[in-house]
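Residue strings, one per chain:
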Amino acid sequence: MSASQIPPATAVPGDDVPTLLVKIFGKDRPGITAGLFETLAAYSVDVVDIEQVVTRGRITLCALVTAPSPGQGSTGSAEGDLRATVHNWAESMNLQAEIISGRGDNRPRGTGRSHVTVLGHPLTAETTAAIAAAITATGGNIDRIFRLAKYPVTAVEFAVSGAETASLRSVLAPEAAQLGVDVAVVAAGLQRRAQRLVVMDVDSTLIQDEVIELFAAHAGCEAEVAEVTAAAMRGELDFEQSLHARVELLGGLDASVVEAVRKEVRLTPGARTLVRTLKRLGYQVGVVSGGFTQVTDALQEELGLDFASANTLEIVDGKLTGRVTGDIVDRAGKARLLRSFAQQAGVPLDQTVAIGDGANDLDMLNAAGLGVAFNAKPVVREAAHTAVNVPFLDTVLYLLGITREEVEAAETHVG
């Protein structure tokens, strides 16, 4: 079709144009939507807006249409004839109908659009009321609510307009902490779906373990190493100094311990699903770790990760020397690696996602477009964009607007 043959676009109805809001309620079954619009088609009305929701087998179908032109009704009143015809059709389908007269399109949405994702385990009515009230208090309007997932947590998303994303986040973060739920607030728009690089910490994030403690168990110094690790994660010790102090305790271990530790590593529940789903959706995925390449290299191969960087234990003559080689991957190093991975992936930094749990992840979380604190220490939860406090790593997918159905579809098509 040439440009001259393309019909002009129908103008959006102005505020003075008569419109009808047709609402249908009842038990869902195939053919309802087609039946309603076939009924309306007899009156040559234009469709302005449609919204349909099915909850536990009950349908709510709303259609905003232009009012019929005079003379289209067989009884002399076009609108009256349409109303009678729609009600008769609904009754024949054992449905209820409501038709409301008005003018123009929907009220324009306020400036500032955000997605507010709420994760509850469970999600209570009290929590939902508090979140909705907090959104209203910021001047925001809830335009739409829908469920993203029903397990392993209940995840719902509020589409909000009329409030700036940063203001919503500042109000909802403390509210969520008090309620014991996880809330993520991200700006609406194409950018959300365009976040094509996810970078994770490894220890206590991608995996359930602290790798250096697994090595320490073989060296008989697990308790001593664990205490230093905990202090470092709380931000009480310089990470590089603590790393050298802990690695020194491993000196003399036979290099065969590396394979033993690899076998002991436990992926976090949902980790494999998270990575597999992201990869199928076209994301690139990487890890940065204050742990060791002797483990992250194996994880990269097992999970098909695009990027991986960590410290390297020095091995000489088949023994761990108690030293690491190369540049230290510390707090600043993780942020630097995030930027490097983004550059290699061709992804703008504001379209990246970072996930971590410790103080040495903070620079990376703050540098990313979306920083997610996963079962993190208090100092990290308070500083990150959002927090997830359930033990399932794949719940991060819901923060990206990916539904459980999409996750399951990705799993089904895994070769």
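Here, every reference points to the structure presented above.
Quantities reported herein were computed from a predicted structural model and do not represent experimental measurements.

(A) Spotlight on unusual backbone geometry. Following His121, the chain continues into Pro122 via a peptide bond in cis, with omega recorded as 5°. Within the fold, Pro122 resides in the loop between strand E5 (113-120) and helix H3 (125-137). With an omega of 0°, the peptide bond running from Tyr151 to Pro152 counts as cis. Along the polypeptide, Pro152 turns up in the loop between strand E6 (141-149) and strand E7 (154-161).

(B) Molecular detail of the environment of Arg58. When you line up the elements, Arg58 lands in strand E3 (residues 58-66). Along the sequence, Arg58 and Asn141 sit 83 residues apart, while their C-alpha atoms lie 25 Å from each other.

(C) Expanded view of the pairing of E6. Inspection of the sheet shows E6 paired to E7 by seven bridges, in the antiparallel sense. The partner of Arg144 across the bridge, within E7, is Ala159. Turn length for the E6-E7 hairpin, with the two strands adjacent in sequence and antiparallel, is four residues.

(D) Representation of the pattern of salt bridges. Counted under the stated rule, the structure contains 15 salt bridges. Lys377 serves as the salt-bridge partner of Asp357, at 2.9 Å between the closest nitrogen and oxygen. Placement of the pair is Asp357 in the loop between strand E13 (352-356) and helix H13 (362-367) and Lys377 in the loop between strand E14 (370-374) and helix H14 (378-383), with a sequence separation of 20 residues. Looking at Lys377, the relative accessible area reads 25%, which means it is partly exposed. Linking Arg404 and Asp394 is a salt bridge whose minimum nitrogen-to-oxygen distance equals 3.3 Å. Taken together, the positions of Arg404 in helix H16 (residues 404-412) and Asp394 in the loop between strand E15 (386-388) and helix H15 (396-399) put the pair ten residues apart, joining distant regions of the chain. You'll find Arg404 and Asp394 in the same group, each marked buried. Connected through shared salt-bridge partners, Asp201, Lys334 and Asp361 make up one network.

Thresholds, definitions, all that
Numbers given to residues run from 1 along each chain, matching the order in which its sequence is written. This being a predicted model, a pLDDT of at least 70 is required before a residue's local features are given, and a value of 80 or more before pairs of side-chain atoms are given or counted; all residues contribute to the totals for chains, interfaces and linings. Side-chain descriptors were evaluated using all non-hydrogen atoms of the structure, hydrogens and water having been removed beforehand. Helix and strand definitions follow DSSP, with helices as H or I runs of at least four residues and strands as E runs of at least two, each counted in order from the N terminus. At least two DSSP bridges between two strands are required for those strands to pair. The working definition used for a salt bridge is a side-chain nitrogen of Lys or Arg within 4 Å of a carboxyl oxygen of Asp or Glu. Only protein chains enter the calculation, and the probe is 1.4 Å; a residue is then buried if its accessible area is under 20% of its type maximum, exposed if over 50%, and partly exposed in between.

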